[in-house]
Amino acid sequence: MTIVQFAPFQSLVQPAFWHALTNLKIDVLRLSDDALPVSATYTTGRAVKDRESGKDIALGCNLTVGGDAFEDSPQVPHNAVLAKGEFKNFNTIDDFKNADKTALFNHLTDEIWKSITVDKSTALLTRFLLITFADLKKYKYFYWFAFPAFAAKPAWEIDGEWAGAHEALGDDALSAIHAQLHESLRPFFLVGTKDGKTEIAPVEEYDAFFAGVPPAQRTVGFVDPSAQPNNPGWPLRNLLAYLLALHPETAKGVRILCWRDVDPPAPGSTGGWKSRFGVVKQGEGVAAAAASEKPAAVGWEKNIQGKLGPRVADLAPMMDPTRLADQAVDLNLKLMRWRILPALDLDKVANTRCLLLGAGTLGCYVARTLMGWGVRTITFVDSARVSFSNPVRQPLFDFEDCLNGGKPKAACAAEKLKKIFPGVNATGHNLSIPMPGHPIPPASVAQAKKDVATLESLFDAHDAVFLLMDSRESRWLPTVLGAAKGKFVLNAALGFDTFLVMRHGARTPDASGKRLGCYYCNDIVAPTDVNGTLMRTPGQSLTDRTLDQMCTVTRPGLASIAASTAVELLVSMLQHPEGIHAPAPPPQTNANSGEALPPGTESILGIVPHQLRGFLAQFRNVPIVGPAYSKCTGCSETVLKAYEKDGFDMLLHAFNETEFLPSLTGLDKLYEEAQATLDNDDFVDAEEDDF
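Residues numbered from 1 in each chain as written. Predicted model: local features only at pLDDT ≥ 70, side-chain atom pairs only at ≥ 80, totals over all residues. Heavy atoms only, no water.

1. A short note on the nonpolar core
Note on soluble globular proteins: their nonpolar side chains tend to be buried together. Note the following rule: Side-chain atoms within 4.5 Å link the members of a nonpolar core, which is a set of buried Ala, Val, Leu, Ile, Met, Phe, Trp, Tyr and Cys residues. Under the scheme applied here, a residue whose accessible area is under 20% of the maximum for its type counts as buried, over 50% as exposed, and between as partly exposed, the area being computed with a 1.4 Å probe on protein chains only. Strands here mean DSSP runs of E at least two residues long; helices mean DSSP runs of H or I at least four residues long; both are numbered from the N terminus. We call two residues contacting when some pair of their heavy atoms lies within 4.5 Å.
Judged by nonpolar contacts, the single largest core of 63 residues is most densely connected at Phe17 and Ile256. In terms of residue count, the dominant contributor to this core is helix α7 (residues 235–246) (seven residues). Not counting residues within four places of it along the chain, the set of residues in contact with isoleucine 256 comprises Trp162, Val220, Phe222, Leu236, Leu240, Arg276, Phe277, Gly278 and Val280. Counting 54 residues, the second largest nonpolar core, distinct from the first, contains Ala359, Trp373, Leu396 and Phe466.

In structure tokens:
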């Protein structure tokens, strides 16, 4: 048989603990080195799936110490087990180094053994020791954990192999155990069947609970912080010592349930129960010690070099609040890369300079999500001021920003981003974007030219541009600039309960000679009748609008969904090897459906769709692919070459002359043909004959 190898506890000290220790040392302990109670928690073992290999990776068998560790009633997270320990801080580094660690350790093991043999209690089986020295001048913290565990002689062996708990106990029994533990979590418990029902009880009730039950049917369980399939967690060592001391017959074999299920398996899922089961017994060949004799104990934690010795937490680089915030912002992202997505290029995301055209509801949510991804450069462009209706929908503004006529939105949004995270390079520009169909008076041409030049320089200084404006025609100039300058362009537009999020295609075709379209290729809204002509240019969507049309009338949750989707689409493009040229998957493709995706359509984050149409009334998103249109008024080569050749003069024609863009692209001929078809009496008669 194989000797049981236990997964040792690993200390996980949260930064808040060191701040609590600093306050405790300064305000309470001062020069005292008296021992104090300290609390920690652990949960069932967790594993994550490696997105590349598909294998489960077991996380550490962690004992977590947080900022409330010194409180009398610490906040215990849901599904976590409270462990109580002893804390001792030394006043000098020499005192810490020269402390009689053996005496401290033995004192703790004496307490645990007394609790087992005299009190017959499991309350101290997970008791631990923490000794520290806090150098508050340099913000260095030296610490060493001990997790005392009694060593068995002869060693415990596994009879056979560790197996899934459902194989030994069955799904119904595990469901019953889960329900009872969910109601009242016990670190150690007994499992038995009474009147056909699976029940659990405290380990202290061993004799009464198992009265009349054959040893081969007695099961003892514990909350297992290990996720390794063949290595139960550290608490089992002292649980076995408890059983051996009070119930010596368990040396011949005891059924062990390693409980690892926070939630029961979802119906139809392939994961199943995570808990493990095995029968352990003491080996032969060595005389067992007397039940009343305290066994030898082990448990000092190894340092990061794998040697027995203290660890060091150096908080000096983080004590500047700005630097502390800078490191904290990236923490979750780095955890994603370390465990789940090792190939995730966080630097590429962080270094992407983002220009947000529009600082309204969409702009605010896009900015917050970009910061969540670690983006450090965010620039706003908007010409409006904060109004009283804005703060409840736009999370970067508050009531104070509305007073005295309202602050300029762009500058105000940038200022708020810096308050949220001082490390962000956020700026705002109060700028009006000239629009087709909105003639510029001669007296304003100079200002319009200056605004266009500013916008062009902003495009040059950024890598990605988000079009987040309220009107269609305000997106035309940025569409032209983005295509001409080869920028990532993301578009987000809202209806009442629908949204569009799309990326503009690259100017150059892909390997197959195809191009993805832009907003004007793919999202042409209902035609507008201007001067009796059927128009499909950017149009005058701001003309003759009622109050409900002038305001953003959408379901309140829609903007955050669309904004987050737009940012995630950008990040997926950045992670794709082809970047802006990433091919779009076919329509209706679902990366989780198990369908084989065309080669090259996935980044490490999944598919990179061209467009997403969201329908909130149905809680449904539909991916769409739209090719570039050769006569598009926004991204066609005809328009781009005219802009590159004539610059502002070409743009001025587009702003002032309604017929300029249709004539330039050849759409006017198409309109005439369409109008002629509609005016054809024979065509109308044919339609009527069908009825």
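Once the structure has been displayed, the description carries forward.
2. Structural notes on helix α11 (residues 361–372)
Definition in use: Expected helix span is taken as 1.5 Å per residue step, with the number of steps being one fewer than the number of residues.
Spanning twelve residues, α11 covers 17 Å between terminal C-alpha atoms, matching the ideal 16 Å at 1.5 Å per step. Of all twelve residues making up α11, nine are buried, and the element is well covered by its neighbours. Within two residues after α11, glycine 374 carries a phi angle of roughly 85°, on the positive side.

3. Points about unusual backbone geometry
Following lysine 153, the chain continues into proline 154 via a peptide bond in cis, with omega recorded as -5°. Mapped onto the fold, proline 154 is located in the loop between β9 (140–150) and β10 (156–158). A positive phi is found at asparagine 79, a non-glycine position, where the angle reads about 65°. The residue asparagine 79 is located in the loop between β6 (62–65) and β7 (80–90) in this model. Residue asparagine 404 is not a glycine yet carries a positive backbone phi of 55°.

4. Quick look at the side chain of histidine 576
Along the chain, histidine 576 falls in the loop between α17 (558–575) and β27 (602–603). Among all residues touching histidine 576, those that are not within four sequence positions of it are Ala582, Pro583, Gly600, Thr601, Glu602, Ser603 and Val608.

5. Focus: the sheet that holds strand β21 (residues 425–430)
To keep it simple, the criterion reads: Two strands form a pair only when DSSP identifies at least two bridges running between them. Only C-alpha atoms enter the line fits that serve as axes; for helices the fit covers just the stretch in contact. Angles between N-to-C directions range over 0 to 180 degrees.
Strands sit in the order β21-β20-β19-β22-β23-β24-β29-β30 across an open sheet of eight strands; the sheet is mixed. Across the chains shown, the open sheet's two edge strands, defined by having one partner strand only, are β21 and β30 (620–624). Ignoring which end each strand starts from, the neighbouring axes of this sheet average 15° apart. In this sheet, strand β29 (residues 611–615) lies alongside strand β24 (residues 498–503) in antiparallel orientation, the contact comprising five bridges. Following the sheet pairing, methionine 502 is matched in β29 by glutamine 611. On the sheet, helix α13 (residues 445–460) packs against β19 (353–357), β20 (377–382), β21 and β22 (464–467) and is oriented at approximately 145° with respect to β19.

6. Observations regarding the environment of serine 292
Assignment of secondary structure puts serine 292 in the loop between β16 (276–282) and β17 (297–300). Look at serine 292 and you get exposed, because its relative accessible area is 63%. Spatially, the C-alpha atoms of serine 292 and valine 118 are 9.9 Å apart, while their sequence positions differ by 174 residues.

7. A word on a negative patch on the surface
To keep it simple, the criterion reads: Residues enter patches when their relative accessible area tops 30% and they take part in no salt bridge; the joining distance is 9 Å for like charges and 5 Å for the nonpolar side chains Val, Leu, Ile, Met, Phe, Trp and Tyr. Where accessible areas are quoted, they stem from the Shrake-Rupley method and a 1.4 Å probe; at the residue level, only the protein chains shown are allowed to cover. Within this document, salt bridges are pairs made up of a side-chain nitrogen of Lys or Arg and a carboxyl oxygen of Asp or Glu, the two lying within 4 Å of each other. Residues scored as positive are Lys and Arg, those scored as negative are Asp and Glu, and His as well as the terminal groups of each chain are ignored. Charged side chains are reduced to one point each, which is NZ for Lys, CZ for Arg, CG for Asp and CD for Glu.
Side chains of Asp33, Asp34, Asp94 and Asp95 sit close together on the surface and give a patch of like negative charge. Position of aspartate 95 among the secondary structure elements: in helix α2 (residues 93–98).

8. Let's talk about a nonpolar patch on the surface
Residues Phe388, Phe399 and Leu403 make up a contiguous nonpolar surface patch of about 320 Å² in total accessible area. If you trace the backbone, phenylalanine 399 turns up in the loop between β20 and α12 (409–420).

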